[in-house]
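Structural overview for review
Letter by letter, the chains look like this.
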Amino acid sequence: MEMAILLGVLLIFTNLLIEIQMEEITTIKASRKSENDIIFDLHEKLNELQLRFINNYQMLEESQLNLTLCLNGNPQINGILEKIQKLEAKVKEIRKQDQKPTDDIVVQRRKDGSEDFFRPWADYKHGFGNSSGEFFIGLDKLNKLTNSRPYELLIRIEDWDDDCRFARYDQFIIGTETEKYILKELGKYSGSAGDALSYSLGQKFTTKDQDNDHCSKNCAVEFTGAWWYKSAHRGLEETQQNLTQCLNENPQINGILEKINNLEMSVKELRENIKKPGDIVIQRRIDGSVDFFRPWADYKEGFGNSSGEFFIGMDKLNKLTNTRPYELLIVMEDWENDRRYARYDQFIIGTETEKYILKELGKYTGSAGDSLSYSLGQKFSTKDQDNDVWNKNCAVEFTGAWWYKDCHRSNLNGSYLNGTTTEYAKGVDWEYFRGHYYSLKFVEMILRPT
């Protein structure tokens, strides 16, 4: 029975690897081997390890016993599976945040310690800091916002080991200043960080000069902050020291640690590519509801709806990219939910007189492969303006509009063709991701200030 349990664990690890190939986990930094190659290698190694366990039962009997005793002796970590499940949940949570446009309002940010948050009541009432850096929106504004329409509260936190977690509360209301900005409603918790805020439900806000908590001392002074303190506050600590020791004592399965580390790296890289304040989405493809095979005038002015499929317009794009430095981030996803990224650390296009030439792209990094640098220095072409260097009109030939050369390695304004297709290079394609006989499910082109 113990052998069956161990084999079951290994089968779950193998199945987990397959599921992760279907998750939206990608690597932002280029490496010598592609992420798919690395995942395939790990898959093959785990399969080999599984077969070795099956064929060598007696040799592994002692190791299995040690592992079982080790895990049973460390109930606080609840086994390897729980650790991996938490990582999976974290990936799904990040994916959920980056799936579609939102009307999010950031009310507080901590990122570098540049702003002092140990402040008096008046500062927390009116707000302080800079909304592009560390800041707090102000309790007066927060009261008005949360009482004007329903909001949920999403909290993103990250430790110094780049472990990013989330806490979501499906309702959030605070009281007036007369009520000491009491935390009136939180709703239901979900997330990966643990529910450390419901403890404060019903509590008044406390600062170093206004003690509204239930402790004999001022919690704000005691813990150098400002919060909806009760008799103190709660946090969440987690360690994997015992898990690491357990796995190190069982070298036959030390690949599991590598698996966990890879998951944590993927979480970090997903976090780096999630949309941030200041980002400007300039193009989006999500469902084929908008026709992108359009004339020059439409691409000049822009079309579609910014909450769905749209293009911002070449005139706006020219003005934006020539007013301040931007990088270009392209997020793309196939029909198997494999999400990839391409980042170019500089992006500038020319004027209409210059046919919106792609002037600068800068350095590429990402996991999708560099399918855009081929277009550097090329003019923009549409079905009624042939500015490419081919003897035919690439826009007409490949049913799109792009910085074609003779013709393309990317065609993100091509026809929305739902995955694998017999139409060569006419779809929403990125050659070094899925090739020219595949049309992607999702694309966003994003300008990010640098």
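This structure is a prediction, so every number in the text was calculated from the model and none was measured.

We now examine the sheet that holds strand E1 (residues 108–109). Spatially, E1-E3-E2 is the arrangement adopted by the three strands of the open sheet, whose pairing is antiparallel. The strands lining the two open edges of the sheet, one partner per strand, are E1 and strand E2 (128–129). Relative to strand E3 (residues 135–136), E1 is paired through two bridges, and the arrangement is antiparallel. Each residue of the ladder has a partner; that of Arg-109, found in E3, is Phe-135.

Let us now look at the state of the cysteines. The full count for this structure, using the stated rule, is one disulfide. Bridging Cys-394 to Cys-407, the disulfide has an S-S length of 1.8 Å. The S-S bond linking Cys-394 to Cys-407 shows a torsion near -85°; that makes this disulfide left-handed. Here Cys-394, found in helix H12 (residues 394–397), pairs with Cys-407, found in the loop between H12 and strand E17 (410–411); they are 13 residues apart in sequence, far enough to count as distant. Residue class for Cys-407 comes out buried when judged on its relative accessible area of 8%. Cysteine Cys-215 remains unbridged, with the sulfur of Cys-219 as its closest cysteine sulfur at 4.2 Å.

This paragraph deals with helix H11 (residues 314–323). When H11 is considered as a whole, its buried residues turn out to be Met-314, Leu-317, Asn-318, Leu-320 and Thr-321. Contacts from the buried residues of H11 go to strand E9 (280–285), helix H10 (296–301), strand E11 (310–311), strand E12 (326–333), strand E14 (348–349) and strand E21 (442–449).

Structurally, Thr-382 can be placed in the loop between strand E16 (364–366) and H12. For Thr-382, the side chain forms a polar contact with the side chain of Asp-384, separated by 2.7 Å. Non-local contacts of Thr-382, meaning those with residues more than four positions away in its chain, are made with Arg-294, Pro-295, Trp-296, Tyr-299, Asn-393, Ala-395 and Ala-401.

Let us look at the nonpolar core. Formed by 52 residues in total, the largest nonpolar core has its most connected members in Leu-328, Ile-330, Phe-347 and Trp-430. Mapped by element, the contributors of at least two residues to this core are E9, H10, E11, H11, E12, strand E13 (339–344), H12 and E21. In terms of residue count, the dominant contributor to this core is E12 (six residues). Listed in part, the 23 residues of the second largest apolar core include Val-107, Phe-135, Leu-139 and Ala-226.

Here we come to the confidence of the model for the protein chain. Per-chain confidence: the protein chain averages 82 in pLDDT, with 68% of residues scoring 70 or above. Note on residues 16–33: pLDDT under 50 across the span, and 62 contacts to partners over four residues away in sequence or across chains.

In this section: the pattern of salt bridges. Counted by the stated rule, this structure contains 21 salt bridges. In this structure, the salt-bridge partner of Lys-125 is Asp-140, at a minimum N-O distance of 3.0 Å. Highlighted residues: Lys-125 in helix H5 (residues 121–126) and Asp-140 in helix H6 (residues 139–148), separated in sequence by 15 residues. Asp-140 sits in the partly exposed class, given a relative accessible area of 26%. Lys-426 is the salt-bridge partner of Glu-423, the closest N and O atoms lying 3.6 Å from each other. Overall, Lys-426 belongs to the partly exposed group, its relative accessible area being 27%. Taken together, the shared-partner salt bridges connect Glu-115, Arg-119 and Asp-123 into one network.

This paragraph deals with unusual backbone geometry. At Tyr-181, a residue that is not glycine, the phi angle is positive and equals roughly 50°. By the element assignment, Tyr-181 lies in the loop between strand E6 (173–174) and strand E7 (183–185).

The rules behind each value
Residues numbered from 1 in each chain as written. Predicted model: local features only at pLDDT ≥ 70, side-chain atom pairs only at ≥ 80, totals over all residues. Heavy atoms only, no water. Pairing = 2+ DSSP bridges. Helix = DSSP H or I, 4+ residues; strand = E, 2+ residues; numbered from the N terminus. Disulfide = S-S within 2.5 Å. Buried < 20%, exposed > 50% of the residue type's maximum accessible area, 1.4 Å probe, protein only. Contact = heavy atoms within 4.5 Å. Polar contact = N/O pair within 3.5 Å; in protein donor to acceptor, adjacent residues only side chain to side chain. Core = buried A, V, L, I, M, F, W, Y, C linked by side-chain atoms within 4.5 Å. pLDDT = per-residue confidence, 0-100. Salt bridge = Lys/Arg side-chain N within 4 Å of Asp/Glu carboxyl O.

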